[in-house]
Amino acid sequence: MTRSRTNRTYWAAGTAVVLAALFAAGATFATADGSEDRGGSSASGTPALYSPDAGFARDMAVHHQQAVEMSFIVRDRTQDEPVRGLAYDIANTQANQRGMLLGWLDLWGLPKVVADEPPMSWMETDSSAGHGGQGGHEGHEGHVTKPGALMPGMATKEELDRLGAAGGRDAEVLYLQLMTEHHKGGVAMAQGCAKQCRTPAERALAQGMVEAQQSEMKLMADMLKQRGAAPRP
């Protein structure tokens, strides 16, 4: 069973490249056809370096990578099939979405990392604002980044170490709590893109993230309750 799941995960990660190319092409064509300059676009009609479209793609790719990492950690720390199944689904889904986001950046000719761009600064931009943004650690709409974490919802190195050292029920509970927090931060980011991004395909992907992760948060709350625990306040 473990080998089968591992093989499916590698296969899914490979298909992310193909999906990224397909979605990126659609995203670029859709953007180029638009006449608005909302959110910052280049002369060619593709998103500009500091636009919400590009900022969301960069930040969410990083955010998703940690979710994939946590899911692989818990898969090896418990034999509980419901938790392992959830972890597989999250890792599979977010690895594919990450491939799409990085594929868009490649097709737009934009870097995956911008040294002078604070995390989440794209959520503070509007048509009259520059790219700077002084937030970075305040999150968005009340979602605060905890000390030691890069973005809202992300786990710290110490929390990842705790997850890697835990086992059985303890690992299950900590994973569900950390992933619930992770999803809360991810939903806030995706809602920001759904409102601010001008690329139709990217807005659609962001809205899909909102709906899927809100549903998973409800599932994780039930799973925590079954284990005599609850999401962290």
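Residues numbered from 1 in each chain as written. Predicted model: local features only at pLDDT ≥ 70, side-chain atom pairs only at ≥ 80, totals over all residues. Heavy atoms only, no water.

*Asks:* I'm lost on the packing of aromatic side chains in this one. Help?
*Replies:* Two aromatic rings are characterised by how far apart their centres lie and by the angle between their planes. Summed over all chains, the structure comprises 2 aromatic pairs. On the numbers, 6.2 Å between centres and 15° between planes, the contact of Trp104 with Trp108 is stacked. Highlighted residues: Trp104 and Trp108, both in helix α3 (residues 81-108), separated by 4 residues, approximately one helical turn. Owing to a relative accessible area of 0%, Trp104 belongs among the buried residues under this scheme. Judged by relative accessible area, which is 6%, Trp108 ranks as buried. (Phe/Tyr/Trp six-rings, centres within 6.5 Å; stacked < 30°, edge-to-face > 60°. Helix = DSSP H or I, 4+ residues; strand = E, 2+ residues; numbered from the N terminus. Buried < 20%, exposed > 50% of the residue type's maximum accessible area, 1.4 Å probe, protein only.)

*Asks:* What should I look at first to understand the pattern of salt bridges in this one?
*Replies:* A side chain of one charge can pair with a side chain of the opposite charge if their charged atoms are brought near each other. In the structure shown here, the tally under the stated rule is 12 salt bridges. Arg84 is paired through a salt bridge with Glu81; the nearest N and O atoms lie 3.6 Å apart. One end of the pair is Arg84 and the other is Glu81, both in helix α3 and 3 residues apart, which spans about a single turn. Taking the relative accessible area as the measure of exposure, Arg84 reaches 4% and is therefore buried. Of the residues examined, Glu81 reaches a relative accessible area of 38% and is grouped as partly exposed. Glu172 is the salt-bridge partner of Arg227, the closest N and O atoms lying 2.9 Å from each other. Here Arg227 is found in the segment after α6 (200-226), whereas its partner Glu172 is found in helix α5 (residues 168-196), with 55 residues between them in sequence. Across the pair, Glu172 and Arg227 agree in class, each one buried. Salt bridges here are not isolated pairs; linked through shared partners, they connect Lys146, Glu159, Glu181 and Arg232. (Salt bridge = Lys/Arg side-chain N within 4 Å of Asp/Glu carboxyl O.)

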